[in-house]
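Secondary and tertiary structure notes
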Amino acid sequence: MGTSTVPGGREKSRDNVTSASYMAKTLRHSKPALAAETVIADYRLAYSSRRASILGRAEVLRGNATFGIFGDGKEVAQLAMAKTFRPGDWRSGYYRDQTFMWATEMSNVRAFFAQLYGNTNVDAEPASAGRQMGNHFATRFLDDRGEFKRSVDTPNSTADVSNVAGWMPRLLGLAYASKLYRNNPQLRTAQDGFSVNGNEVAFGTIGDAATSEGHFWETVNAAGVLQVPIALSVWDDGYGISVPISDETTKSSISDALRGFIPDDRPGIDIYVLRGWDYAALVDAYAAGIDRVRTTHKPALFHITELTQPQGHSTSGSHERYKSKERLRFEVEYDCIRRMRDWIIESGFASESQIEGWEAADKEAVEAARDLAWEAYQAPIRDERDHAVSILQRVDTPKVAEIAATLTDANKVTRSAILSGVSFALRTLRGTDSPERTELSKFIEDYKREHAERYRSHVYSTSDESPLKVAVVPAVYSAKSPTVDGRQVLLRNFDANFARDPRLFVIGEDIGRLGDVNLVFEGLQAKYGDLRLTDTGIRETTILGQSIGAAMRGLRPICDIQYLDYFLYALEVAADDLACLHWRTAGGQKAPVVIRTKGHRLVGIWHAGSPMAVLVNALHGVYIAVPRNMTQAAGFYNTLFRGDNPGVVIEVLNGYRMKERVPDNIGEFTVPLGVPEVLRAGTDVTVVTYGACCAIALDAARALEELGISCEVIDVQTLNPFDVDQSIVRSVERTHAVLFLDEDMPGGASAFMMQQVLERQNGWWHLDAAPRTLAASPNRPAYGPDGDYFTKPNRESVVEAVYDLMRERNPAKFAPLDSQ
Ligand SMILES: Cc1ncc(C[n+]2csc(CCOP(=O)(O)OP(=O)(O)O)c2C)c(N)n1
Ligand SMILES: [Mg+2]
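Notes on the structure in this doc start here. Small disclaimer: the values here were computed from a predicted structure and weren't measured. (Residues numbered from 1 in each chain as written. Chains lettered and ligands numbered in written order. Predicted model: local features only at pLDDT ≥ 70, side-chain atom pairs only at ≥ 80, totals over all residues. Heavy atoms only, no water.)

Let us look at the environment of Gly 609. Turning to its location among the elements, Gly 609 is positioned in the loop between β13 (594–599) and α21 (612–618). Remark: the alpha-carbon pair of Gly 609 and Gly 599, spanning ten residues in sequence, is separated by 6.3 Å. Excluding residues within four positions of it along the chain, Gly 609 makes contact with Leu 564, Asp 565, Gly 599 and His 600. (Helix = DSSP H or I, 4+ residues; strand = E, 2+ residues; numbered from the N terminus. Contact = heavy atoms within 4.5 Å.)

So, in structure tokens, the structure goes:
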């Protein structure tokens, strides 16, 4: 077991690290005096939290809730941490943090039970309105219009995710924002409401087992490099579900494993090792440690050892199955609440009988909160049930009567049971004409509408700042508009945006000193400084996380991912954190990150990928622009920079040296999202495509013209949103034939476009030939000079596909191209 409070690393003489003695001194001088009433209030909160964990588990076992995971065994350290949390600070943590959340008043016991039950009322369950499992925390930092509130006046918690360590990359960004606000004088005005000179600390929490994830290591390394105010606590209970720490962590200790991070004459990360039951030591160490983080912006890691799991990992298993008797005994003996209680009595803060009195009162209070939360959850559903039953009782069949009785008698009423019963009744009445039938179908219609709102709202921003509401400003050209390489169009466009908006910054690999591998930012770092254009390590996951956290704090990050193929490294965070953030908080949070990446066509397997369906399917919540050239890309950036929904722009890799004209209103013109453009009018076949395939389709269309075939070529421009006005079907109405073309895998984004046009837009109705897709062959693009040609669609394969389609319609007119 760990031993004692040792700043700067490990215990006593074993450690000869400079920072250790420095930190020890800091600690001695900052010891806060603990007043009896503070100690007692803390104990009562810890005790209440424990009672809630116990009752929460019971609620799951009784069937009132479906899954429970609680903060029991971690209470005392969280009290100490909470004392240092100030308005304006930020949390990014996980499901064990209930005590901290209550102590900082970011949540409370009522909300705890409301979320456990899955109450969809946002007032009762403000973190997620029933969308997240219990103990997945979030404060609401947007107002009802979806705009940022002042975060400097409130304690703030970003929205948890269940995928362990998934919250770490975002933590980096929360702290990075403090660094920018403190060090970038251009942000003096922009900081209003978001920062006070960067004094805000980003608090992180993570379990011992989750530190094995790459996200953890990437974040810790980046925090050490960037020197940002992160205070990361590792709640070490020795287990990740059933797997003991010896099977997780080198040397069975994350602080030992991290010793190379401890500062010497070079900056690093301060490390504190503390025992999770030692209240007084924890309070001291957190006070001094966080003070140092706040004032110096030096990151710190608090390794909290000897924590326990009194009820095991979660409600889905019992820890007696995998913990030894000795370990279980240890957990009882070292239970942090028991230890704190003994210490209070020994130190004379209170007597045992006083404590018993408080415990009895707090037990009752938690039970009362549970009951109120249950009632608040059930009451509206019971009303809906009563309404449904009042109709059902008038339907005169035994089976429906049975359903009505079951619904009436249920201890726990669910909306799915109501809808299922009502739907059954409606089916029994098919073909009849009765007031009950009308009422039932109205009930179902209303119910479904409400549910769509209840569970599906806020996937995208609906605020006035939605990119869909950004004014369309067409590109303007004149006789003096210069023609330049495509990369210059982007360069001038980024330059104009950096000049316009001081909140805008870009982070990524090679984008600073070099100015991007394609020189799209050439010279901009010299012009705007290295806090606006900042080189990062090769760490796509945390480049994105750094952007997410900063965007939550009012900044406008451009997350630069060098190649689309490497976006897969960031995909987990993009999908699990960024894309569903607005939805999983029911509109309570947003992170307007703009991701810049480059793909589709270059040489080599990992510079030529186009995995668009991966993005389309994983990133609902993020707009996806697939511009065919750099001018369109610039227009999408201009739209997204002025909006508040995250977006990704995929530039065409082989387009930087293509000539394009620079619009006179560079930096100002916008390209609307979800508006396809007809690149070539035609009458015989519609070819629907995007990105680099636009040029190929146009090339093929010219070849097809020579064969007497007139192709209409449509650039969808954005895959999400897809054709908001449903315009593509109007082309299909005229041509009666359609080919969906791209360079993703077969069944990828081409199939997505097909589903949108044929099913959603009813395009199938107008076809007189089978619809087709043409995509890459299902292998990665080979490197050799012809590898791309034989893997991706090309002029010949497009010509063949379209010709084949025309032949199917009129074999007499279109003789076979080949000899068969
Ligand atoms: C990426 C990922 N893998 C697996 C899981 C399943 N899982 C949930 S909690 C957990 C153990 C986490 O242990 P630890 O980080 O020590 O936290 P503790 O629950 O012990 O506080 C696992 C494996 C998950 N949620 N996310
Ligand atoms: Mg653990």
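Next up on the list: the packing of aromatic side chains. One pass over the structure, following the stated rule, counts 37 aromatic pairs. Here Phe 722 and Phe 752 contribute two aromatic rings whose centre-to-centre distance is 5.7 Å and whose plane-to-plane angle is 80 degrees, an arrangement assigned as edge-to-face. Residue Phe 722 is located in the loop between β20 (718–720) and α24 (728–735), and its partner Phe 752 is located in helix α25 (residues 749–760); the two are separated by 30 residues in the primary sequence. Judged on exposure class, the residue Phe 722 and its partner Phe 752 are both buried. What links up through ring pairs into an aromatic cluster is the set Phe 70, Trp 102, Phe 112, Phe 113, Tyr 117, Trp 374 and Tyr 377. The ring of Phe 148 carries the charged tip of Lys 590 above its face, separated from the ring centre by 5.0 Å. (Phe/Tyr/Trp six-rings, centres within 6.5 Å; stacked < 30°, edge-to-face > 60°. Buried < 20%, exposed > 50% of the residue type's maximum accessible area, 1.4 Å probe, protein only. Lys NZ or Arg CZ within 6 Å of the ring centre and 35° of its normal.)

One way to put it is that helix α7 (residues 214–226) packs onto helix α18 (residues 540–552) with a least axis distance of 9 Å and a crossing angle of 65 degrees. The angle between α7 and α18 falls in the class roughly perpendicular. Note that α7 runs across α18; the crossing there is right-handed. On α18, the residues that touch His 215, Glu 218, Thr 219 and Leu 226 of α7 are Glu 540, Thr 541, Thr 542 and Gln 546. Of the residues assigned to the contact of α7 with α18, the class counts are one nonpolar, five polar and two charged. (Axes fitted to C-alpha atoms, helices over the stretch in contact; angles between N-to-C directions. Parallel < 35°, antiparallel > 145°, perpendicular 65-115°, else oblique. Left-handed = near helix turned anticlockwise from the far one by under 90°. Nonpolar A, V, L, I, M, F, W, Y, C, P; charged D, E, K, R; others polar.)

Moving on, we come to unusual backbone geometry. A cis amide bond links Asn 720 to the next residue, Pro 721, at an omega of 0 degrees. Relative to the assigned elements, Pro 721 resides in the loop between β20 and α24. Positive phi, close to 55 degrees, is recorded for Gln 227, a residue that is not glycine. Mapped onto the elements of the fold, Gln 227 is located in the loop between α7 and β4 (230–235). Judged by its relative accessible area of 14%, Gln 227 is buried. Here the phi dihedral of Gln 726 falls at roughly 50 degrees; this positive angle occurs in a residue that is not glycine. Along the polypeptide, Gln 726 turns up in the loop between β20 and α24.

It is worth spelling out the coordination of the magnesium ion (ligand 2) at this point. Geometry reference: four tetrahedral donors at a metal, ideal angle 109.5 degrees. Six octahedral donors, ideal angles 90 or 180 degrees. Distances from the magnesium ion (ligand 2) to its protein donors, Asp 208 (OD), Asp 237 (OD) and Tyr 239 (O), fall at 2.0 to 2.1 Å. Each donor residue of the magnesium ion (ligand 2) belongs to the same chain, with the gaps between them written as D-x28-D-x1-Y. Here Asp 208 is found in the loop between β3 (202–207) and α7, whereas its partner Asp 237 is found in the loop between β4 and β5 (239–240), with 29 residues between them in sequence. On the accessibility criterion, Asp 208 (3% relative accessible area) is buried. Classification of Asp 237 by relative accessible area gives buried; the value is 4%. (Donors = N, O, S within 2.8 Å, 3.2 Å for Na, K, Ca; no water.)

Right, let's get into the site of ligand 1. In the vicinity of ligand 1, 17 residues are found, and the nearest of them are Tyr 94, Tyr 95, Arg 96, Ala 209 and Ala 210. The backbone of Ser 162 places a nitrogen or oxygen atom 2.9 Å from a nitrogen atom of ligand 1. At a separation of 3.4 Å, an oxygen atom of ligand 1 approaches a polar side-chain atom of His 313. When isolated, ligand 1 has an accessible area of 580 Å², and the protein chains bury 72% of it. (Near = heavy atom within 4 Å. Polar contact = N/O pair within 3.5 Å; in protein donor to acceptor, adjacent residues only side chain to side chain. Areas by Shrake-Rupley, 256 points an atom, 1.4 Å probe, with all protein chains shown as cover.)

On the surface, a nonpolar cluster with roughly 320 Å² of combined accessible area is contributed by Leu 602, Val 603 and Tyr 783. Mapping Leu 602 onto the fold places it in the loop between β13 and α21. The class for Leu 602 is partly exposed, based on a relative accessible area of 36%. (Patch = residues over 30% accessible without salt bridge, like charges linked within 9 Å, V, L, I, M, F, W, Y side chains within 5 Å. Salt bridge = Lys/Arg side-chain N within 4 Å of Asp/Glu carboxyl O.)

Right, let's talk about helix α23 (residues 693–706) for a bit. The α-helix winds at 3.6 residues per turn, so residues separated by three or four positions along the chain end up facing the same way. Its 14 residues place the ends of α23 20 Å apart at the C-alpha level, agreeing with the 20 Å of an ideal helix rising 1.5 Å per residue. Listing the buried residues of α23 in full gives Cys 693, Cys 694, Ile 696, Ala 697, Ala 700, Ala 701 and Leu 704. On an axial view of α23, the arc spanned by its buried residues comes to 155 degrees, and they lie on one face. Exposed positions of α23 whose direction lies more than 90 degrees from the buried face are Ala 695 and Glu 706. Buried residues in α23 make contact with β17 (677–680), β18 (685–689), β19 (711–715), β21 (738–741) and α26 (795–809). Positioned one or two residues after α23, Gly 708 has a phi angle of 80 degrees, which is positive. (Expected span 1.5 Å × (residues − 1). Arc of directions from axis to C-beta.)

This paragraph deals with the pattern of salt bridges. Applying the stated criterion across every chain, the model contains 61 salt bridges. Arg 44 is the salt-bridge partner of Asp 362, the closest N and O atoms lying 2.8 Å from each other. With Asp 362 in helix α12 (residues 352–392) and Arg 44 in helix α2 (residues 36–61), the pair connects residues that are 318 residues apart, well separated along the chain. Residue classification places Arg 44 among the partly exposed residues on the basis of a relative accessible area of 26%. Taking the shortest distance from any N to any O, the salt bridge between Asp 516 and Lys 598 comes out at 3.6 Å. Here the residue Asp 516 occupies a position in the loop between β10 (504–508) and α17 (524–528), and Lys 598 occupies one in strand β13, the gap between them amounting to 82 residues. For Asp 516, a relative accessible area of 0% gives the class buried.

With that settled, consider the sheet that holds strand β11 (residues 533–535). Taken in spatial order, the seven strands make up an open sheet running β11-β10-β12-β13-β15-β14-β20, and their pairing is mixed. Each having just a single partner strand, β11 and β20 make up the two edges of the open sheet. Here the average twist between neighbouring strands, direction ignored, is 20 degrees. Where helix α16 (residues 486–500) meets the sheet, its contacts fall on β10, β11, β12 (556–561), β13 and β15 (647–652), and the angle it forms with β10 comes to roughly 130 degrees. In the packing of helix α22 (residues 630–641) onto the sheet, the strands contacted are β10, β12, β13, β14 (623–625), β15 and β20, and the crossing angle to β15 comes to about 165 degrees. (Pairing = 2+ DSSP bridges.)

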